[in-house]
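Geometric and topological summary
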Amino acid sequence: MSKHWSVLPRLIPDDLGEQVPKKHRPFAQKIAQFILPRLGWQVTGSIPNVGQAVLIGVPHTSNYDAVPAFLMLLALGLDIRILGKKQLFSVPILAQFLRWIGVMPIDRTKKGSVLQSSIANFADNKPLFLALAPEGTRSYTTSFKSGFYYLAVGAGVPIIPVALDYATKTICFMPPFYPTGDYANDLPQIVALYQGVQGRHPHKMSQILQDLSSQSTM
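Looking at an unreviewed UniProt entry, one finds the protein named 1-acyl-sn-glycerol-3-phosphate acyltransferase, with Moraxella nasicaprae as its source organism. Regarding the protein, the UniProt comment filed under Pathway (unreviewed entry) reads as follows: "Lipid metabolism."

Shown next as structure tokens:
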């Protein structure tokens, strides 16, 4: 069932709408466009022409996930941000590199501050695609963590589901999901979009994804 990721339309830089956050890195983009397909990866689907969104990358079972994901960002010229510990930015050279790859500093020491600070990043209405791994770990877990959902609700932005499928070596951008505020009702609909997806280490995928994989083989 996972083969459907690879038959969707290929996604190229010209497909990105004018509102979608972009970063102009022509030299890095050419290198990524050369390397990504030679590693066997492709990018499919479509990205809605919106300026702000929460992106969720699923499944996340290995540090290696960052390799095709980052090459994809460079190849498309996408400007997608991720969160990183504030302490990492204390070293100037490292801080400069982290900002170049799209990491935003976040203070995880204050209770409740991560969600509120993340919501605040959307307040100025400037273009922002913020990416999260809803499983919250590279190891086995039972379900998704709810932070990504309440971030989207609090910021009033759509959720863009992104599949990282190792069976077909495809990164697929799926249609945006607009949360209603009813997490219990919305989560199964979001999870269902990933039916058939396979992580680098399938046994480390969250249980709800493994259950979907089992259903797709029946």
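And the narrative resumes.
What the rule picks out here adds up to one cavity of 30 Å³ or more. Quantified by volume, the largest cavity comes out at close to 30 Å³. Of the residues assigned to the lining of the largest cavity, the class counts are five nonpolar, one polar and three charged.

Turning our attention to the environment of Arg138. Mapped onto the secondary structure, Arg138 falls in the loop between strand S5 (128–132) and helix H5 (147–155). On the basis of relative accessible area, Arg138 is assigned to the partly exposed category, the value being 39%. With 63 residues separating them in the primary sequence, Arg138 and His201 have C-alpha atoms 9.2 Å apart. Residues contacting Arg138, with those up to four places away along its chain left out, are His60, Thr61, Ser62, Asn63 and Lys204.

The final tally for this structure, using the stated rule, is six aromatic pairs. Measuring from centroid to centroid gives 5.4 Å for Tyr149 and Tyr150, while their planes differ by 85 degrees, and the two rings are edge-to-face. For Tyr149, a relative accessible area of 0% puts it in the buried group. Residue class for Tyr150 comes out partly exposed when judged on its relative accessible area of 37%.

All right, on to the side chain of Glu135 then. Topologically, Glu135 is positioned in the loop between S5 and H5. Classification of Glu135 as buried rests on a relative accessible area of 1%. In this structure the side chain of Glu135 is engaged in a polar contact, spanning 3.0 Å, whose partner is the backbone nitrogen of Ser206. Discounting chain neighbours no more than four positions away, the residues touching Glu135 are Val58, Pro59, His60, Thr141, Ser143, Phe144, Lys145, Met205, Ser206 and Leu209.

Here the UniProt-annotated "transmembrane region" (unreviewed entry) positions come out as residues 148–167. Taken end to end, residues 148–167 comprises 40% helix and 35% strand; its first and last C-alpha atoms sit 26 Å apart.

Further remarks concern the layout of surface pockets. The space that makes up the largest pocket amounts to roughly 1500 Å³. Lining the largest pocket are 44 residues, and of these His60, Ile82, Ala131, Leu132 and Ala133 lie nearest its centre. Where the lining of the largest pocket is concerned, the elements lending two or more residues are strand S2 (52–58), helix H2 (66–76), strand S3 (80–85), helix H3 (92–100), helix H4 (113–120), S5, H5 and strand S6 (159–165). Along the lines of polarity and charge, the residues of the lining of the largest pocket split into 29 nonpolar, 10 polar and five charged. Its volume calculated, the second largest pocket comes out at about 200 Å³.

The next point concerns the packing of H4 against H5. At a minimum axis separation of 9 Å, H4 and H5 run at an interaxial angle of 40 degrees. On the basis of their axis angle, the class for H4 and H5 is oblique. H5 is crossed by H4, and the crossing has right-handed handedness. Note on element contacts: H5 touches H4 through Gly147, Tyr150, Leu151, Gly154 and Ala155, opposite Leu115, Ser118 and Ile119. Of the residues that constitute the contact of H4 with H5, the class distribution is five nonpolar, three polar and no charged.

Before going further, it helps to examine unusual backbone geometry. Of the consecutive residues Val58 and Pro59, the connecting peptide bond is found in the cis state with omega at -5 degrees. Tracing the backbone shows Pro59 in the loop between S2 and H2. The residue Lys169 is not glycine, and still its phi comes out positive at about 50 degrees. Positionally, Lys169 belongs in the loop between S6 and strand S7 (170–173).

With the rule as written, the count across this model stands at two salt bridges. For Asp79, the salt bridge is made with Lys23, and the minimal N-O distance between the two is 3.9 Å. Taken together, the positions of Asp79 in the loop between H2 and S3 and Lys23 in the segment before helix H1 (26–38) put the pair 56 residues apart, joining distant regions of the chain. Its relative accessible area of 13% is what places Asp79 among the buried residues. A relative accessible area of 21% places Lys23 in the partly exposed class. Taken together, the shared-partner salt bridges in this structure form one network comprising Lys23, Asp79 and Arg81.

Thresholds applied
- Residues numbered from 1 in each chain as written.
- Predicted model: local features only at pLDDT ≥ 70, side-chain atom pairs only at ≥ 80, totals over all residues.
- Heavy atoms only, no water.
- UniProt positions renumbered as here; feature names shortened; annotations may be inferred.
- 1 Å grid on protein atoms, 1.4 Å probe; cavity = no way out; pocket = protein on both sides within 12 Å on 5 of 7 lines; lining within 4 Å.
- Points joined across faces, edges and corners; volume = space filled by probe spheres on them.
- Nonpolar A, V, L, I, M, F, W, Y, C, P; charged D, E, K, R; others polar.
- Helix = DSSP H or I, 4+ residues; strand = E, 2+ residues; numbered from the N terminus.
- Buried < 20%, exposed > 50% of the residue type's maximum accessible area, 1.4 Å probe, protein only.
- Contact = heavy atoms within 4.5 Å.
- Phe/Tyr/Trp six-rings, centres within 6.5 Å; stacked < 30°, edge-to-face > 60°.
- Polar contact = N/O pair within 3.5 Å; in protein donor to acceptor, adjacent residues only side chain to side chain.
- Axes fitted to C-alpha atoms, helices over the stretch in contact; angles between N-to-C directions.
- Parallel < 35°, antiparallel > 145°, perpendicular 65-115°, else oblique.
- Left-handed = near helix turned anticlockwise from the far one by under 90°.
- Salt bridge = Lys/Arg side-chain N within 4 Å of Asp/Glu carboxyl O.

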